[in-house]
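# Per-entry structural report
Chain by chain, the residues run as shown.
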Amino acid sequence: RLIQKMDYLAQGFYDEMKPLTEADLQLYYAEHRQKYKKLASATFTHVFISSEKRSVEEARAMAEVLQEKLNTEQVPFENAPRYGERFLYHRNYVNRDDDEIGSHFGADFQQQLFNYKVADEWQGPLQSTYGWHLVLLVKNTPSYIPDFIEVASTVFADAQREQQQKVKRLAIDGLISKYTISDQG
């Protein structure tokens, strides 16, 4: 309970904090840039051929034949569900980050997908843990660290929170230094 009271008292010291300047925020951002990194993301649909009930080679051959058909008929994004087999997760992935894509398809698929360029044709086949996929990739955004201006409000909140934690720690340390703990056992 003493610690809770000290924590409460320390919050009163927030008023004594100096306001953060633009220079403070720029410095904080420069020191913590990786924290604001945006993950790679992609928008795509896929047609799936399972390798569960057939050999991997047979499934790949089926995918290659189907890819030729999809490209010859110029099958658009919205018509993908008419082809292939049911997939465990989603058919369409819109602005999904690379972590989610990797968790659904596996790391090899994820890496290959992000190496593809946006195209009007079906690409692949790409192998996942479950089988083969033909992919129509309409957006591929690599990971990046946004400019300060894009994340300024988040940087401000994070810098302010860190400043408050430092002030609170100093205040609590000051209060603790006024007490002595003795063992009267």
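A brief look at the structure comes next. In this text the structure is predicted, and so the values were computed from the model without any measurement. (Residues numbered from 1 in each chain as written. Predicted model: local features only at pLDDT ≥ 70, side-chain atom pairs only at ≥ 80, totals over all residues. Heavy atoms only, no water.)

For the coordinates displayed, the defined rule picks out 12 aromatic pairs. Ring geometry for Tyr29 and Tyr36: centres 5.9 Å apart, planes at 35°, overall tilted. Of the residues examined, Tyr36 reaches a relative accessible area of 6% and is grouped as buried. Between Tyr29 and Phe148 the ring centres are 5.6 Å apart and the planes differ by 65°, which places this aromatic pair in the edge-to-face class. With a gap of 119 residues between them, Tyr29 in helix α2 (residues 22-31) and Phe148 in helix α6 (residues 148-177) connect regions that are remote in the sequence. Accessibility classification places Tyr29 together with Phe148 in one group, the buried group. (Phe/Tyr/Trp six-rings, centres within 6.5 Å; stacked < 30°, edge-to-face > 60°. Buried < 20%, exposed > 50% of the residue type's maximum accessible area, 1.4 Å probe, protein only. Helix = DSSP H or I, 4+ residues; strand = E, 2+ residues; numbered from the N terminus.)

So, about the environment of Phe87. Positionally, Phe87 belongs in the loop between α3 (56-72) and β2 (92-97). On the accessibility criterion, Phe87 (9% relative accessible area) is buried. Along the backbone, Phe87 and Val65 are 22 residues apart, and their C-alpha atoms lie at a distance of 19 Å. Setting aside anything within four residues of it in sequence, one finds Phe87 in contact with His46, Phe48, Tyr93, His104, Phe105, Tyr130 and His133. (Contact = heavy atoms within 4.5 Å.)

Counting 14 residues, the largest nonpolar core has Ala42, Phe44, Ile101, Phe105, Phe109, Leu113 and Val135 as the members making the most contacts within it. Ignoring sequence-local partners within four residues, the contact set of Ala42 consists of Tyr93, Val94, Asn95, Arg96, Ile101, Leu113, Phe114, Leu137, Lys139 and Asn140. (Core = buried A, V, L, I, M, F, W, Y, C linked by side-chain atoms within 4.5 Å.)

Once that is clear, we can look at the pattern of salt bridges. Close approach of charged atoms lets side chains of opposite charge pair. Using the criterion set out here, one finds seven salt bridges in the structure. The residue Arg60 makes a salt bridge to Glu64 at a minimum N-O spacing of 2.9 Å. Residue Arg60 and its partner Glu64 are located together in helix α3, separated by four residues, close to a single helical turn. Take Glu64: its relative accessible area is 36%, and that puts it in the partly exposed class. It is possible to trace a salt-bridge network through shared partners that takes in Lys35, Asp158 and Arg161. (Salt bridge = Lys/Arg side-chain N within 4 Å of Asp/Glu carboxyl O.)

The strand order across the open sheet formed by four strands is β2-β1-β4-β3, and the pairing between neighbours is antiparallel. The strands lining the two open edges of the sheet, one partner per strand, are β2 and β3 (123-127). Going across the sheet, the axis of each strand differs from the next one's by a mean of 40°, ignoring polarity. With 10 bridges joining them, strand β1 (residues 41-50) and strand β4 (residues 131-141) adopt antiparallel strand pairing. Looking at the pairing, Thr45 lines up with Leu136 of β4. Contacting β1, β3 and β4, α3 crosses the sheet at an angle of about 45° to β4. Helix-sheet contacts for helix α4 (residues 98-105) involve β1, β2 and β4, and the interaxial angle to β2 is about 130°. (Pairing = 2+ DSSP bridges. Axes fitted to C-alpha atoms, helices over the stretch in contact; angles between N-to-C directions.)

Quick look at the environment of Gly84 now. Looking at the element boundaries, Gly84 is found in the loop between α3 and β2. You can call Gly84 partly exposed: its relative accessible area is 41%. With 50 residues separating them along the chain, Gly84 and Leu134 place their C-alpha atoms 9.2 Å apart. Contacts of Gly84, omitting those with residues within four sequence positions, involve Val47, Phe48, Ile49 and Leu66.

Take it as geometry only, folks, not as evidence of what the structure does.
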